[in-house]
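# Examination of the molecular architecture
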Amino acid sequence: MSVFAYKGRSASGELVQGTLEGADTGAVADQLFGTGITPTDIKPAKKLRSEEKSVGPKTNWWKKLNEKPVSPLDVMLFSRQMYTLLKAGVPIMRALAGLQESTQSPAFAAMLQDMRESLDSGRELSAALRRHPTIFSSFYISMVQVGEMTGMLDETFMRLYEHLEFEKQMKENIRSALRYPTFVVVAMTIAIVVVNIFVIPAFVKVFEGFHTELPLMTRFLIGSSNFFVNFWPLILALIAGAVVAFRSYTNTVAGKYQWDKYKFQIPIAGKIILKSTLARFARSFALGMKSGIPIVQGLNAVALVVDNDYMRARVEQMRDGVERGESILRTSIATGVFNPVVLQMIAVGEESGDLDGLMFEVAGMYEQEVEYEVKSLSAQIEPIMITALGVLVLILALGIFLPMWDLGKAALHK
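The model shown is predicted, which means the values in this text are computed figures rather than measured ones. (Residues numbered from 1 in each chain as written. Predicted model: local features only at pLDDT ≥ 70, side-chain atom pairs only at ≥ 80, totals over all residues. Heavy atoms only, no water.)

## Structural notes on the overall build of the protein chain
Definition in use: Secondary structure elements are taken from DSSP: a helix is a run of H or I of four residues or more, a strand is a run of E of two residues or more, and numbering for both begins at the N terminus. Note on exposure labels: buried denotes an accessible area under 20% of the residue type's maximum, exposed denotes more than 50%, and partly exposed covers the range between, all computed with a 1.4 Å probe on protein chains only. Contacts are assigned to residue pairs with any non-hydrogen atoms lying within 4.5 Å of each other.
Summing up its helical and strand segments, the protein chain has 19 helices and three strands in all. The buried share among the 414 residues of the protein chain stands at 37%. Across the protein chain, every contact between residues at least 6 apart in sequence was considered, and the portion connecting residues at least 24 apart equals 58%.

And the structure:
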């Protein structure tokens, strides 16, 4: 048996603290519940005392500086664990206490402690989550709020887990597909820099001894190399200026909107971005409807999930249309972002009353298309990379070897 220090609230709401013996924190919590006390914090007494002695202000500052923030993976696992605990009938306070005790992340433990204190002060779980906007999205909080109202909190956490798992899988697939093209582009950039700084200047000394007019391609390479060697600070300044200007523009409301709209038109990658955005919209909208969120409120929450200002404006356009009494089909047609197949499924869903089910089908269709496009992304980019590499090699070969070829022909004629 171990000794645990606890803090809790009595039935009248008064703060109570002390120590109890028990096999673990769960057993101590059961004892406290049996006496009418709702525990808010339970820790091993020895550990608590040692922490109070060893952790000073300086140590706390250093620990906070080196703390890893709560990651999306932590939120995903939290959703899955909450589903399991609530499905098993574990009270929310006890579930959060168990998760806090088992987590290895200090930041996540601190967040759980704050949630427990918020619940202890009478707030709802959704209100406790709302105190951490950088960790939980508005859509996540809205889903939890509806789960509380409908009494389906456990199922809501499971749906959120599946939603976050899909988001994570898509990001990993896109990152994996872009790894090879990124490596090729970086390698080509390094090769161009090395050729301009070291290779071409070495050949220039050889060409100067020919005392003859050099071919156009050779003069072009020499000129580009000289510009690169003499004006590389200007080149770096222009690149840095372009990056800063682009970021400044995309940080404005109009710039972000235009850039998000242009993303859908980027060759090869644009269709993947569009389909993944539509898949996120369809799944989020279906989850909201399935959980009982009103359509207007659901569209308002989904607008914050799509992470694209252009698409967000289209969703808000749908919301405004529904508020005016228009059908979802009509507002969807007005956005101009859905293909005829999706519009047909929306029409059938509205007519049959199974819009959430068909929106899940739409999400699944887009997800399959995104998965296929991501898998074939490398195959689509490879020909472009090979062509660019071939052109680069051809330019270098013609520029360097043509003068030597002309010199060899002149020597043979002599």
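Let's pick the thread back up.
## Things to note about the packing of aromatic side chains
Where we set the bar: Pairing of aromatic rings covers Phe, Tyr and Trp, the last counted by its six-membered ring, and requires centre-to-centre distances within 6.5 Å; plane angles under 30 degrees mean stacked, over 60 mean edge-to-face, and any other angle means tilted. Our definition puts a charge over a ring when NZ of Lys or CZ of Arg is within 6 Å of the ring centre and also within 35 degrees of the ring normal.
Counting across every chain of the model gives twelve aromatic pairs. Look at phenylalanine 78 and phenylalanine 108: their rings are 5.9 Å apart centre to centre, the planes differ by 75°, and that puts the pair in the edge-to-face class. Placement of phenylalanine 78 in helix α4 (residues 72–87) and of phenylalanine 108 in helix α6 (residues 106–120) is noted, with a sequence separation of 30 residues between them. A residue is classified by how much of its surface remains accessible, and phenylalanine 78, at 0% relative accessible area, is buried. Since its relative accessible area comes to 6%, phenylalanine 108 is described here as buried. Following the ring pairs from residue to residue traces out a cluster consisting of Phe78, Phe108, Phe136, Tyr140 and Phe157. Positioned above the aromatic ring of tyrosine 161 is the side chain of arginine 80, whose terminal nitrogen or guanidinium carbon lies 5.7 Å from the ring centre. Here arginine 314 stacks its cationic end above the ring of tyrosine 310, 4.8 Å away from the centre of that ring.

## Brief notes about the environment of aspartate 120
By secondary structure assignment, the location of aspartate 120 is in helix α6. Residues aspartate 120 and threonine 40, spaced 80 residues apart in sequence, show a C-alpha to C-alpha distance of 6.8 Å. Once residues lying within four places of it in the same chain are set aside, the contact partners of aspartate 120 are Arg9, Thr38, Thr40 and Met93.

## Re the packing of helix α13 (residues 269–290) against helix α14 (residues 295–303)
Spelled out, the test is: Orientation is described by lines fitted to C-alpha atoms, with helices fitted over the stretch in contact, and by angles between N-to-C directions that extend from 0 to 180 degrees. In this scheme, a crossing is called left-handed if the near helix is turned counterclockwise away from the far one by less than a right angle; it is called right-handed if the turn is clockwise. Three categories are distinguished: nonpolar for Ala, Val, Leu, Ile, Met, Phe, Trp, Tyr, Cys and Pro, charged for Asp, Glu, Lys and Arg, and polar for the others, with Gly belonging to the last.
Put simply, α13 and α14 touch, their axes get as near as 9 Å, and they point 145° apart. The hand of the α13/α14 crossing is right-handed. Across from Phe281, Ser284, Phe285 and Met289 in α13, the residues of α14 making contact are Ile295, Leu299 and Val302. Considering only residue class, the contact of α13 with α14 consists of six nonpolar, one polar and no charged.

## What about the pattern of salt bridges?
Filter applied, for reference: A carboxyl oxygen of Asp or Glu within 4 Å of a side-chain nitrogen of Lys or Arg is what we treat as a salt bridge.
Within this structure, the stated rule accounts for 13 salt bridges. Measuring nitrogen to oxygen at the nearest pair gives 2.6 Å for the salt bridge that ties lysine 168 to glutamate 172. With a gap of four residues between them, lysine 168 and glutamate 172 both fall in helix α9 (residues 153–208), about one helical turn apart. The shortest N-O distance in the salt bridge between lysine 271 and glutamate 373 comes to 3.6 Å. Of this pair, lysine 271 sits in helix α13 while glutamate 373 sits in helix α18 (residues 355–375), placing them 102 residues apart in sequence. On the accessibility criterion, lysine 271 (36% relative accessible area) is partly exposed. With a relative accessible area of 9%, glutamate 373 lands in the buried category.

## Description of the nonpolar core
One broad trend across soluble globular proteins is that nonpolar side chains are buried collectively. What counts here: Residues enter a nonpolar core if they are buried and are Ala, Val, Leu, Ile, Met, Phe, Trp, Tyr or Cys, with the set joined through side-chain atoms within 4.5 Å.
Within the largest apolar cluster, 75 residues are counted, with the highest numbers of intra-cluster contacts made by Phe78, Met115, Tyr140, Phe157, Phe281 and Phe338. Examining the composition of this core, we find that nine residues originate from one element, α9, more than from any other. Dropping the residues within four chain positions of it, phenylalanine 338 is found in contact with Leu278, Phe281, Met311, Met318, Ser332 and Leu343. Grouped together as the second largest cluster of nonpolar side chains are eight residues, Val195, Phe207, Leu221 and Leu396 included.

## A word on the packing of α4 against helix α5 (residues 92–102)
Threshold: Convention used here: angles under 35 degrees read as roughly parallel, angles over 145 as roughly antiparallel, angles from 65 to 115 as roughly perpendicular, and any remaining angle as oblique.
Where α4 meets α5, the axes come as close as 10 Å, and the angle between the chain directions of the two elements is 135°. Judged on the interaxial angle alone, α5 and α4 are oblique. Here the hand of the crossing between α4 and α5 comes out right-handed. Contacts between α4 and α5 involve Phe78, Gln81, Met82, Leu85 and Leu86 on the former and, on the latter, Ile92, Ala95, Leu96 and Leu99. Residue classes in the contact of α4 with α5 are distributed as eight nonpolar, one polar and no charged.

## What to know about the environment of serine 137
Summarising the element assignment, serine 137 is placed in the loop between α7 (125–130) and α8 (138–150). With 167 residues separating them in the primary sequence, serine 137 and leucine 304 have C-alpha atoms 8.1 Å apart.

## Looking at the confidence of the model for the protein chain
For clarity, the threshold we go by: pLDDT measures how confident the predictor is about each residue, on a scale from 0 to 100.
With 89% of its residues at a pLDDT of 70 or more, the protein chain shows a mean pLDDT of 80. Per-element confidence in the protein chain ranges from a low mean pLDDT of 48 for helix α2 (residues 45–54) to a high of 92 for helix α11 (residues 232–250). Predicted confidence for residues 47–59 stays below pLDDT 50, and this span has six contacts to residues more than four positions away or in other chains.

## Things to note about the side chain of asparagine 308
Quick note on the threshold: Whenever a nitrogen or oxygen atom comes within 3.5 Å of another N or O atom, the pair is scored as a polar contact, on the condition that within protein one atom can donate a hydrogen and the other can accept it, and that pairs from neighbouring residues in sequence are kept only if both atoms are in side chains.
As for its placement among the helices and strands, asparagine 308 is situated in the loop between α14 and α15 (309–323). Taking the relative accessible area as the measure of exposure, asparagine 308 reaches 2% and is therefore buried. At a separation of 3.1 Å, a polar atom in the side chain of asparagine 308 contacts the main-chain amide nitrogen of tyrosine 310. Excluding its chain neighbours within four sequence positions, the residues that come into contact with asparagine 308 are Asp260, Lys263, Phe264 and Thr277.

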